[in-house]
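Fold and contact review
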Amino acid sequence: MRTHFTRRSLIRGITAATAVASLGTGLAACGGNSDAATSTDAAKAGEVVIGRVSNGAATQTTLKVSEVKAISAELPAAVRKSGKLEIGIGALPAGLPPLAYVGDDQKTLTGSEPDLGRLVAAVFGLKAEVKNSTWENLFVGIDSGKVDVAFSNVTDTEERKKKYEFASYRKDNLAFIVPKKSTWNFDGNYENLAGKTIAVGSGTNQEKILLEWKDKLAKEGKKLTVKYFQDSTSTYLALNSGKVDASFGPNPGFAYHNRQVANTPNASRTAGTYSGAGASLQGLIAATAKKDSGLAKPLADAINYLIKHGQYAEWLKAYNLSNEAVAKSEVNPPGLPLDNS
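Residues numbered from 1 in each chain as written. Predicted model: local features only at pLDDT ≥ 70, side-chain atom pairs only at ≥ 80, totals over all residues. Heavy atoms only, no water.

Attention now goes to the overall build of the chain. When its secondary structure is counted, the chain shows 11 helices and 15 strands. In the chain, buried positions account for 55% of the 341 residues. Contacts spanning at least 24 positions in sequence make up 78% of the contacts within the chain whose residues lie at least 6 apart. As displayed, the chain has an accessible area near 13,900 Å², and 52% of this comes from carbon and sulfur atoms. (Helix = DSSP H or I, 4+ residues; strand = E, 2+ residues; numbered from the N terminus. Buried < 20%, exposed > 50% of the residue type's maximum accessible area, 1.4 Å probe, protein only. Contact = heavy atoms within 4.5 Å. Areas by Shrake-Rupley, 256 points an atom, 1.4 Å probe, with all protein chains shown as cover.)

This is the structure:
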């Protein structure tokens, strides 16, 4: 998924009221980089607390993770000797629930991305140090060595491989959200959109895909109506009132919304997912390090250890993101091609 499409789309996936409640003033006062929002895991040795101070975005879960010496031995000597893993997050200024944002204690950077970074650091036997910045400064931090690795919803692309190396850990998925009472499902087939009215964010990757489906259906003599709204609050109001049948956007934002409204009259559910890279390739989110840093393989090995031993599944489940699970972490897997990066 294109960088700006991803960022704008995720922001649209957050309800305005919940975002204000979740984030408070913790991020608003920060500039391009934030040490105030930096935190380390306060759990006991050999434990990582998932979803701590998440303000309802996750089910808090304590996972046991100890150093795996065979994996930590793969790390570059400088990282291993430092005793810490510097983790970059690009969530300033507003945060991106459930991926990365300041928690309800107004200081801890929480979310699925920093939590996975903490799990990986535990496998390495290193202290996790999380540094928050703007999206642009995230890559400056990798380039300059201020951070070792980014866990920040970075899509693996062939363009980015010119400067970075990757260890994949999550599917890059779009999703359809519908009222919980709706019986409609996407089922991976654009034909199921015939006769439907779908909301989508303007200028996003999902809009591009949806309009392509609209054109296909038109050639078949079928109609798909696309609606645009100013913000996520307006979109959800339209969904709840029946003005649209579904909304199409980034899966994590919808997973977050589903959890927030689960026990209300406006409960929603995900009605199907679709690769953010389109029909020809499953998009992947990956841990991102400087090219030739020697970090991609130990990162992938650590993630695969977590997959094999169950902590990975528990991490995704805590954030309602199980539908983005990968079978294994790969080093530099095929990414979005150069003409779509």
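What follows concerns the packing of aromatic side chains. Taken as a whole and judged by the stated rule, the model has 13 aromatic pairs. With a centroid separation of 5.6 Å and 55° between ring planes, the pair formed by F139 and Y164 is classed as tilted. Here the residue F139 occupies a position in helix α6 (residues 135-144), and Y164 occupies one in strand β9 (residues 164-171), the gap between them amounting to 25 residues. A relative accessible area of 13% means that F139 is categorised as buried. An angle of 75° between the planes, with centres 4.8 Å apart, marks the rings of W213 and Y274 as edge-to-face. Placement of W213 in helix α7 (residues 205-219) and of Y274 in strand β14 (residues 268-275) is noted, with a sequence separation of 61 residues between them. The class for Y274 is buried, based on a relative accessible area of 15%. Feature note: the residues F176, W184, F186, W213, F248 and Y274 constitute an aromatic cluster, connected by ring pairs. The ring of Y190 carries K216 above its face, with NZ or CZ at 5.2 Å from the centroid. (Phe/Tyr/Trp six-rings, centres within 6.5 Å; stacked < 30°, edge-to-face > 60°. Lys NZ or Arg CZ within 6 Å of the ring centre and 35° of its normal.)

What follows concerns the nonpolar core. Of all hydrophobic cores here, the largest spans 47 residues; its most connected members are L85, L119, V120, F124, F151, L299 and W315. Counting residues per element, the ones that place at least two in this core are β2 (47-50), β4 (84-92), α5 (112-124), β7 (127-134), β9, β15 (284-290), α10 (296-309) and α11 (311-318). The biggest single contributor to this core is α5, with 7 residues. Counting residues in each nonpolar core, the second largest holds 19 residues, with L174, V200, L224 and Y274 among its members. (Core = buried A, V, L, I, M, F, W, Y, C linked by side-chain atoms within 4.5 Å.)

We now examine α11. Along α11, the positions that sit buried rather than exposed are Q311, Y312, W315, L316 and A318. For α11, the buried positions fall inside an angular range of 160° around the axis, keeping them on one side. The secondary structure elements touched by the buried residues of α11 are β2, β3 (61-64), α5, β9, α9 (251-260) and α10. (Arc of directions from axis to C-beta.)

This part covers the environment of P333. As for its position among the elements, P333 is in the segment after α11. What makes P333 buried here is its relative accessible area of 3%. Non-local contacts of P333, meaning those with residues more than four positions away in its chain, are made with D156, E158, K161, S168 and L284.

Geometric descriptors of this kind do not, in isolation, establish any biological role.
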